[in-house]
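# Reading the structure
Residues per chain are reported as follows:
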Amino acid sequence: MLTQDIRDLLTDTTDLNQLKWDLNRLQPVDVGDYITQLPEQQRAIAFRLLNKAQAIDVFEYLPTEVQEELINSLHDVQVVQLVEAMSPDERAELFDELPAGVIKRLLQELSPEQRQATATILGYPEGTAGRVMTTEYVRLRQGLTVGEALSKIRRQDEDKESIYYAYVTDDNRTLVRVVSLRQLLFTFPDVFIKDIASDRVIKVRTETPQEEVARIMQRYDLIAIPVVDREDRLVGIVTIDDVMDILEEEATEDIQKLAGVSGDEAALSSPLLTIRNRLPWLLGIMALYIGAASAIAPFQSVIAAVPVLAVIMPIFSNTGGTVGIQSLTVTIRGLGVGEVTSKDTLKILRKELLAGLGTAVALATTMFLLSLIWARPQERWVALIAGMVMATNTIVAVTLGTLLPMGLTRLKLDPALVSGPLVTTMLDTIGFLTFLSLISLALNVFHLPT
């Protein structure tokens, strides 16, 4: 990361020669961070100060929107050099954001090999292993010796993205074995590859969801994982840097959905983007709260007769919603990291209900005591109903927080679609209806005092 001293130095851009020297001696990721934080009109100027090798390295660390800005501001020759030097998976990610006309022009300028690699990746659906893989990997034939394999890697594979593993295939490119670079380095040159390579190959298919790819690599502590097609032919690999991006993307998406935020909003996004992403959700939540308010509307006379209800009801709303979101968050997190599956629904529900019962007793007792304190002497019977409803609402909250995401998972839908505001609104509606109906029953049937 950039130190504060370097940040202060880079802030003063009056001496472009000094700035050029500074930028070209920093790590590419730090330069990318610096350029990203510049005002839009200054990014191209700073990028042009980089030497060719540094520019190529820095370009891959820039956000896609900044890459697109630079493509529009640089000369065609510079753009082609940058895009040609990108790894196929990074190039495919960039092309996803560019206009069709620009993509067509850039593809025509790429070398046939890079054009084919990019077209291959773009041909797979988004969110799959095929879309995030790179076609740059080390492939060996079974009949090679260790010495021949190392010579081949030195001559032909120095530009490959990952050489931690080499993948052994037959004449039809069918993946049969895998060998690590460590094994190659510490084995005698005349030993055959097939004698040291492992046939227990952990692999994924091109259509495997990217979240599952990340979980498999995390489970088996892999730096890279091979990707095969339906005929078991090796077509690419997914590397650890891609998995880190996938995990960050999925975590961000789940958190945004849980909080009721849509789109690709970030902390430093423009106000217009923030409004565009949040407003639809907020309007939707308002519509949901109209349902909760409608549950209260028929009981206005009840609330007027028992004023303490106006003090108690917000506690129902906040507490029940929080309990529901806690259960929802734990369940979605467990599903997201592969800790549980939809088959564990009853097991998770049992655990949540047991915890919910203990929580319900504590919350109900607290609600009962608070109602006794706030209520007038003639209204203290309300405390008993308030405690009972709080306990019931707590059990309903943990049940919904568990069953809703599990149900969506069984339907092959994203469990994070169940947002916190949605669960809160449902619990508000259920809690208010139950509480006010019981209060109304107590007034009209048992004629309790107010």
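The rules behind the values
Residues numbered from 1 in each chain as written. Predicted model: local features only at pLDDT ≥ 70, side-chain atom pairs only at ≥ 80, totals over all residues. Heavy atoms only, no water. Domains from an automatic or database assignment. Contact = heavy atoms within 4.5 Å. Buried area = accessible area lost by both parts, 1.4 Å probe. Salt bridge = Lys/Arg side-chain N within 4 Å of Asp/Glu carboxyl O. Polar contact = N/O pair within 3.5 Å; in protein donor to acceptor, adjacent residues only side chain to side chain. Helix = DSSP H or I, 4+ residues; strand = E, 2+ residues; numbered from the N terminus. Nonpolar A, V, L, I, M, F, W, Y, C, P; charged D, E, K, R; others polar. Pairing = 2+ DSSP bridges. Axes fitted to C-alpha atoms, helices over the stretch in contact; angles between N-to-C directions. Patch = residues over 30% accessible without salt bridge, like charges linked within 9 Å, V, L, I, M, F, W, Y side chains within 5 Å. Areas by Shrake-Rupley, 256 points an atom, 1.4 Å probe, with all protein chains shown as cover. Lys, Arg positive; Asp, Glu negative; His and termini not counted. Charge placed at Lys NZ, Arg CZ, Asp CG, Glu CD. Buried < 20%, exposed > 50% of the residue type's maximum accessible area, 1.4 Å probe, protein only. UniProt positions renumbered as here; feature names shortened; annotations may be inferred.

Glancing now at the domain arrangement of the chain. Many analyses report the size of an interface as the accessible area lost when the parts associate. According to the domain assignment, the chain consists of domain 1 (4-123), domain 2 (137-258) and domain 3 (271-446). With five residues of domain 2 at the contact, the number on the domain 3 side is 15 residues. Of the roughly 700 Å² buried where domain 2 meets domain 3, counting both sides, 55% is carbon and sulfur surface. Across the contact surface, domain 2 and domain 3 share zero salt bridges. At the boundary of domain 2 with domain 3, the tally comes to zero residue pairs in polar contact (both at pLDDT 80 or more). No other element matches the four residues that helix H16 (residues 240-259) contributes to the side of domain 2 that touches domain 3. Among the residues forming the side of domain 2 that touches domain 3, the class breakdown is one nonpolar, no polar and four charged.

Across the sheet, which stays open at both edges, the three strands sit in the order E4-E5-E6 with mixed pairing between neighbours. Two strands bound the open sheet, and with one partner strand each, they are strand E4 (204-205) and strand E6 (234-239). Set on the sheet, helix H15 (residues 210-219) makes contact with E4, strand E5 (224-228) and E6; between it and E5 the angle comes to about 135°.

With that settled, consider a negative patch on the surface. There is a patch of like negative charges on the surface, built from Glu-65, Glu-93, Glu-97, Glu-126, Glu-211, Glu-212, Asp-241, Asp-245, Glu-248 and Glu-249. If you list the elements that add at least two residues to the negative patch, you get H15 and H16. Mapped onto the elements, Glu-248 comes out in helix H16. Note on Glu-248: relative accessible area 56%, which makes it exposed.

Even without being glycine, Arg-173 reaches a positive phi, approximately 70°. By the element assignment, Arg-173 lies in the loop between strand E2 (165-169) and strand E3 (175-180). For Arg-173, a relative accessible area of 33% gives the class partly exposed. Located in the positive-phi region is Asp-232, a residue other than glycine, with phi close to 70°. Relative to the helices and strands, Asp-232 is located in the loop between E5 and E6.

The next point concerns the UniProt feature "transmembrane region" (unreviewed entry) in the chain. This chain's UniProt record puts "transmembrane region" (unreviewed entry) on residues 279-297, 303-325, 353-375, 381-404 and 416-443. With 87% helix and 0% strand, the stretch residues 303-325 has end C-alpha atoms that lie 28 Å from each other. Within the segment residues 381-404, helix and strand shares are 96% and 0% respectively, and the terminal C-alpha atoms sit 35 Å apart.

Right, let's talk about a nonpolar patch on the surface for a bit. A cluster of nonpolar side chains, contributed by Leu-272, Ile-275, Leu-279, Leu-282, Leu-283 and Met-286, occupies part of the molecular surface with about 640 Å² of accessible area. Examined against the element boundaries, Ile-275 turns out to sit in helix H17 (residues 271-296). Its relative accessible area of 48% is what places Ile-275 among the partly exposed residues.

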